[in-house]
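Here is what each chain is made of, one letter per residue.
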Amino acid sequence: MEQPRYVETGKGSFFGDYVYDQVIPADHFLRKLNEVIDWKRYTRKLIRLYKGEGIVGRPPFEPAMVLKMALLAYLYNVSERQVETHLNENLPAKYFVGLAVDEKAPDHSTLTVFRRRLVERGKLKVFEEMLAEIVQTALGNGVQFGSIQIVDSVHSVANVNTEKDEQRRKKGKPPRDGDARWGVKHQRKVRNMEGKVEEQSEYFYGYKAHMSLNAASGLITAVEVTSGEAYDGHHFVGLVERDLQQGLPVDTYAADKGYDNGDNHFYLEQQGLHSAIRLKRTRTEKKDANKQVWVELCQTQHYQQGLKQRYKIERKFGEAKQGHGLGRCRYLGRVGFAVQAFLTAMVLNLKRLVKLLTGIGFKTRTASA
C-alpha cells in the first residue's frame, strides 16, 4: 500500500541536532511534550481529511507538525501570523514542531488552510476525537481519574465592537458575527437607592463553552459550544454522555445552580450516578412534602464532596482566559469559536498531562528561551 508523502523538514541541516542539544535543556516543557504524546497518531488520523491523503498531488506538510503550530499559538496566546515569527525566533518551538535550526517556518496561511480543512471535512467531530485522544493517552499512562466530574460553562466575548455593529444594522447591513448572541455573564444581588435588595445582571455578547472536568486529574474530558444565550442546563446530558463513552471511573457529577434541572437529576439517577448539582433554594425551602427528597440529597456525602470540588473548574477557566485567550473569540461564527474552545482545552490538557507524567510545568518563556 502506497504511503503518504510529506514536505521534508528537519533534515539535511548543517547543524544537525547539535545546536538543539546544546541550547534546549533536557527538562524543557516542549521536549517533554514531544516525548509524552505520540504525534504520529495525529498525522495518521488527520491525513485522511486531506484531498489525495498525501498520496496524490503535491506533498503537504505533515499534519501533526501543523497541529503543533496551532497548539503553540494557543499555548503562548499569539495569533496565527505571530506564531510563524515565534517559530523562526524560538529554538525550543522550532525543535518541537520538527524544523531544522536553520529552516524557516511554514507561512502562517498554512494554519488557516489547515483549520478550514479540518472544519470542512472533519467537522467538529475531529476536534472531539483529538481531545479524547489526550484523555486516552492519560489513562494509558496510568493517570488517576477520580470519581467526581465537574460541569460548568465559560463565556467568551465575540470579536465584535457591539456599538459599531449596531450602527451597521441600522444601515441595513448584516451583523459582523451572525451566530453570536447576548447572554448573562453573571447575576448579583445589590441594594438599590430605596434600600431594597434586587438582582442585577451583567451581560456579554458572544459564546459559551460548556466543559466537563475530572476533579482528580484536572483534565477536561468533554466540550460543547453554544451561543451566549443558551441555557446551561440543556447541555449537561451531552457532556455526561461524552464522558461515559470514554470509560471514565466517574460516579458523581457536580455543577452550579444553572444545571439544577429535574431532567438532569433524573438522567444521573438512570445512569446510576450521584448528583452534586447545587440545588436552588426553592427546592429545599418550599412548603410541601416533595421537598424532602431534595433535603435528603443535600445531606449525602456525594453531594457535599462534589460541591467542594467545583472551584477546580472555575480555576481552570481562569487559566484558559488569562493565559490562553479564551476570554475573547479569535474567529467569527460558532464553528470558529468551537475550534478555539477545543484547541484551548487541548492545550490545557497537554500542560496538565506533562506535569502529571514528568513533573515539568509550563512557564511562558521569551522568544530566545
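The structure this text deals with has already been given above.
Regarding the nonpolar core
Piece 1. Counting 95 residues, the largest nonpolar core has Trp39 and Leu72 as the members making the most contacts within it.
Piece 2. The leading source of residues in this core is helix H16 (residues 334-358), at 13 residues.
Piece 3. Ranked by size, the runner-up nonpolar core spans five residues in total, among them Leu279, Trp294, Leu297 and Tyr303.

Regarding the pattern of salt bridges
Piece 1. A complete count under the given rule lists 21 salt bridges for this structure.
Piece 2. For the salt bridge of Arg41 with Glu133, the shortest nitrogen-to-oxygen distance reads 2.9 Å. With Arg41 in helix H3 (residues 39-46) and Glu133 in helix H8 (residues 125-140), the pair connects residues that are 92 residues apart, well separated along the chain.
Piece 3. The partner of Lys45 in a salt bridge is Glu129, and the shortest N-O contact between them spans 3.7 Å. Residue Lys45 is located in helix H3, and its partner Glu129 is located in helix H8; the two are separated by 84 residues in the primary sequence.
Piece 4. Looking at Lys45, the relative accessible area reads 21%, which means it is partly exposed.
Piece 5. Ionic contacts of the salt-bridge type, sharing partners, join the residues Asp152, Asp256, Arg310 and Glu314 into one network.

Parameters at a glance
- Numbers given for residues are sequential positions, taken from 1 along each chain in its written order.
- For a predicted model such as this one, the threshold for reporting local features is a pLDDT of at least 70, and the threshold for listing and counting side-chain atom pairs is 80 or more; totals across whole chains, interfaces and linings nevertheless cover every residue.
- The side-chain quantities take in all heavy atoms of the structure and omit both hydrogens and water.
- In these notes, a set of buried Ala, Val, Leu, Ile, Met, Phe, Trp, Tyr and Cys residues joined through side-chain atoms within 4.5 Å is what counts as a nonpolar core.
- Residue exposure (1.4 Å probe, protein chains only): buried if accessible area is under 20% of the type maximum, exposed if over 50%, otherwise partly exposed.
- Per the convention used, a helix needs a DSSP run of H or I reaching at least four residues, while a strand needs a run of E reaching at least two, with both numbered from the N terminus.
- Any Lys or Arg side-chain nitrogen found within 4 Å of a carboxyl oxygen on Asp or Glu counts as a salt bridge.

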